Amino acid sequence: MNRVLVNSPLLKLIAERVALGIVLLFAVSVLIFAGTQILPGDVAQSILGQTATPEAVANLRRDLGLNDPAFVRYFHWLGGVLTGDLGTALTSRQEITTTLMPRLWNTLFLAFWAAVVSVPLAIILGLLAVRYRNGPVDKAISGFALASTSLPEFFIGYLLVLFLAVRLQWFPSISTVYDGMPFLEKLKAIVLPGTALVFVVLAHMMRMTRAAILNVMQSAYIETAELKGLSAFDIIRKHALPNAVAPIINVVMLNLAYLVVGVVVVEVIFVYPGMGQYLVDHVVKRDVPVVQAVGLIFAAVYIGLNIVADVAAIVANPRLRHPK
Amino acid sequence: MTVKATSKLRRDNGLLLDIRNLKVQAVVYSPSEKPREVTIVDGVSLQLKRGKVLGLIGESGAGKSTVGLSPMGYGRGGVRITGGEVFLNGRDILKGGVRELRRVRGSEVCYVAQSAAAAFNPAHRLMEQVVEAALLHGVGTRAEAEKRAQALFTKLRLPDPKSIGCRYPHQVSGGQLQRVMTAMALCSEPDLIVFDEPTTALDVTTQIDVLAAIKDAIRDTGVAALYITHDLAVVAQVSDEIMVLRDGKMVEHGETRQIIEAPRMDYTKALVSVRSIEHEEKEPTPKPLLSVRNVTAAYGGGAVKVLQDVSVEVHPGQTLAVVGESGSGKSTLARVITGLLPPIAGNITFAGRPLAPKLPHRSKDDLRELQMIYQMADVAMNPRQTVRTIVGRPLEFYFGMRGRERDARVAELLDEIEMGKGFIDRYPAELSGGQKQRVCIARALAARPKLIICDEVTSALDPLVADGILKLLLRLQKIEDVALLFITHDLATVKAIADSIAVMYRGEVVRYGSKTQVLTPPFDAYTDLLLSSAPEMEVGWLEHAIHGRRMESAGN
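A quick note: this is a predicted structure, and the numbers were derived from the prediction, not measured.

Visitor: Is there a simple way to think about the pairing of strand E16 (residues 370-373) of chain B in this case?
Guide: Walk down a regular strand and you will see the side chains alternate between the two sheet faces. Residue and element names in this part refer to chain B. Where burial is concerned, the two faces of E16 agree: the one with Leu-370 and Met-372 and the one with Gln-371 and Ile-373 are both buried. As paired strands, E16 and strand E17 (residues 451-455) are joined by 4 bridges and run parallel to one another. Within E17, the residue paired with Leu-370 across the bridge is Leu-451.

Below you can see the structure in the form of structure tokens.
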């Protein structure tokens, strides 16, 4: 094995995690491919409709390459994916990559702004809950967080629409975005779906932050800090938070992944032109290449963020960063 | 004028700390009862002059840490100071509220914890933590504080005083961390330092260095100190006066020399005379019960050798004490004998037959005749089983006893460990530390073993309780004719119970023979270090021991 890698446990660990993520991604691609193969229904039939002649269906099947053995089709598909070609949508006959990219950007745009609001908010609320633990502030934060997770996102979405769009008319109830739209307009358009997403992920992150820090607060070095005369909030910020980073990063990444892959319902409610909408439309039409493409992208986002979480947790550990 | 400045002006005029009639209480929530208030410290008063050291001594639960933390107005867990006054530099710090307390903590009074390894924040560099309190309380600029910290590192004889502050806690050994923590306490130039068992978690050869460093630092800086420990021999080295506490009340208070040489109260006398067990050494028999021959063992598939060519013998009905510091391989030897770690070379015979290296290959009789007792009695028992189930289990497993027959035998065993009747239906949580260890002994005896391996079984116990356990083991050894392999780092224990002794150092047996042979000079360098490092209850022992040493301690 390479000496440099052996000598730096940190690099070795990170390389391991990244390699593992790539292997996992390939495994997922096999699963997605296999899964879509066993879905009932025939694409050629559904494109041509019930009245098509068997010859027409057979011709189309041949043209689409549906008669090749599964593994040939898999490698053909995989080769395309690796070169940036996600294939052609069966129903619309359009390049999937060109249709999908703007939608992916829209989804990431929404997820990004939801994350920018929810992550710092969750951590600050978590810190406050620890600072005033078991008091009214903590109970109020916990109660609010619990309520917001218990409500399904479509319910929150419709509540937002009812009050902020219909009654107060501050924001549009349908989040239309298009190319060349001014930035501020775009932001205004995503306020409602963004808020709904924030409500969904906030509680989980906040409660995990609170739990992770409270766990650290039992440590002897917290007593050391108290006996130095530090204020309660300084103790939490300087001495507890840095040691609770790993579990917090993990839950944050899990929720960021959810912001990308779990937005289907919210996008449908607000008719937002993102990945979720696109996926739902094409599942209905049995458009297998699109479902495969979207599935693979979701998997890549999920695995990618988890790798980031793992690496961040490793880097946050001083024992690994500064070996003996 | 700041508090700090006033306290500097008062430096010369006498009284620093005056605790009057301190009362500390806590609310205890036990599952089966209503929450109730218990009194942890009741009516303790003490006075401390500038630059003086008062030792607070007692067993666990005596309230010594609670008294020690009172000058910082601090109560651990749900502990609250409910009565009395704590005058520090002439004012009652309990009257000032939280802000006032925060001004005292880390500024006028600093704290050195038992386990520095746990008390340092693993996420920050040492220097950052050492100067933190000094910066917080405005004792100086960062540059000044770091300069003072480096000077203190030098004074405390830490290696690389210039750069050790850049390290993280896990990069520094336990003994060094304890000294860094002392430097941290001294860095904000306090009037008083509370040392809470600062050397208890260290090896005996490391303890002596840390103790000497602390003593010199106290003398050179002129700081006053409360020194909390359960070890009278240790406190006798550093303190001017000693206060003996028991169950939250003061038992005796006096000059150090008077307490250890002429104690007035019975309890103090018991503490001073602890470990006065008379044990007559037995001659080795021609046929050893257990013989370990040329055993070499390693972890990580041979990567880390932890035992090198170890040969020892245990004779029937006798005690072999294996003594050494942490990392010397003494617990690994136990793991090899019990089959948990198969050796890579060498063999073991037991009761005339070879023992299979791996645990799964051993017969039920092999398992039965070789029992173990552990250091942490409370984690060695299932907390959801009663004493009846715990002690009854080997009876069922090895002898197929059931029902009344089993219960009768359990009662007999409990009689043998002097725990009579009332304990059979208790859970481990309802027992004291010493009682838990006794139940573990009963469980081991239930199997009617020929050999019991005792791994540091008294290390977690208070001296008087540990003494009781040792006496019990010796008595049971006579009754049941069981051999003991006694692993310990405590030389006083070894002297009390051993028939033969093996001294281990870095995975090797450096000295082995009968007790008299091993403890009679001339010594090899390591045994000499080990013997000379064990604190003796005698004023001035520390200086004498430090000067007489031939070998630097290894793991400091």
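We are not done yet, so read on.
Visitor: Please explain the confidence of the model for chain A as it appears in this structure.
Guide: Reading predicted coordinates in detail is not appropriate for stretches of low pLDDT. Residue and element names in this part refer to chain A. Residues with a pLDDT of 70 or more make up 96% of chain A, whose mean pLDDT is 83. Of all helices and strands in chain A, the one with the weakest mean pLDDT is helix H1 (residues 3-7) (45), whereas helix H11 (residues 220-227) scores best (92). Segment residues 1-6: pLDDT under 50, and 5 contacts once partners within four positions in sequence are set aside and those in other chains are kept.

Visitor: What exactly am I supposed to notice about the interface of chain B and chain A here?
Guide: Note on interface size: it is often stated as the accessible area lost on association of the parts. Chain B puts 27 residues into the contact, and the matching count from chain A is 20 residues. Between chain B and chain A, the buried area comes to about 2,200 Å², and carbon and sulfur atoms account for 55% of it. Counting across the interface, chain B meets chain A through 3 salt bridges. Two residues, Glu132(B) and Lys238(A), come together in a salt bridge whose shortest N-O distance is 3.0 Å. Taken together, the connections running from chain B to chain A amount to 18 residue pairs in polar contact (both at pLDDT 80 or more). Those elements giving two or more residues to the side of chain B that touches chain A turn out to be strand E6 (109-112), helix H4 (116-119), helix H6 (132-136) and helix H8 (174-187) of chain B. Top contributing element to the side of chain B that touches chain A by residue count: H6(B), with 3 residues.

Visitor: Sorry, what's going on with the packing of aromatic side chains here?
Guide: Between two aromatic rings, the relevant description is the distance of the centres plus the angle of the planes. Residues and elements named next belong to chain A. Counted according to the given criterion, the structure contains 11 aromatic pairs over all chains. Geometrically, the ring pair formed by Tyr-74 and Phe-75 is edge-to-face, given 5.2 Å between the ring centres and 70° between the ring planes. Judged by its relative accessible area of 10%, Tyr-74 falls in the buried class. A relative accessible area of 53% means that Phe-75 is categorised as exposed.

Rules of the game
Residues numbered from 1 in each chain as written. Chains lettered and ligands numbered in written order. Predicted model: local features only at pLDDT ≥ 70, side-chain atom pairs only at ≥ 80, totals over all residues. Heavy atoms only, no water. Buried < 20%, exposed > 50% of the residue type's maximum accessible area, 1.4 Å probe, protein only. Helix = DSSP H or I, 4+ residues; strand = E, 2+ residues; numbered from the N terminus. Pairing = 2+ DSSP bridges. pLDDT = per-residue confidence, 0-100. Contact = heavy atoms within 4.5 Å. Buried area = accessible area lost by both parts, 1.4 Å probe. Salt bridge = Lys/Arg side-chain N within 4 Å of Asp/Glu carboxyl O. Polar contact = N/O pair within 3.5 Å; in protein donor to acceptor, adjacent residues only side chain to side chain. Phe/Tyr/Trp six-rings, centres within 6.5 Å; stacked < 30°, edge-to-face > 60°.

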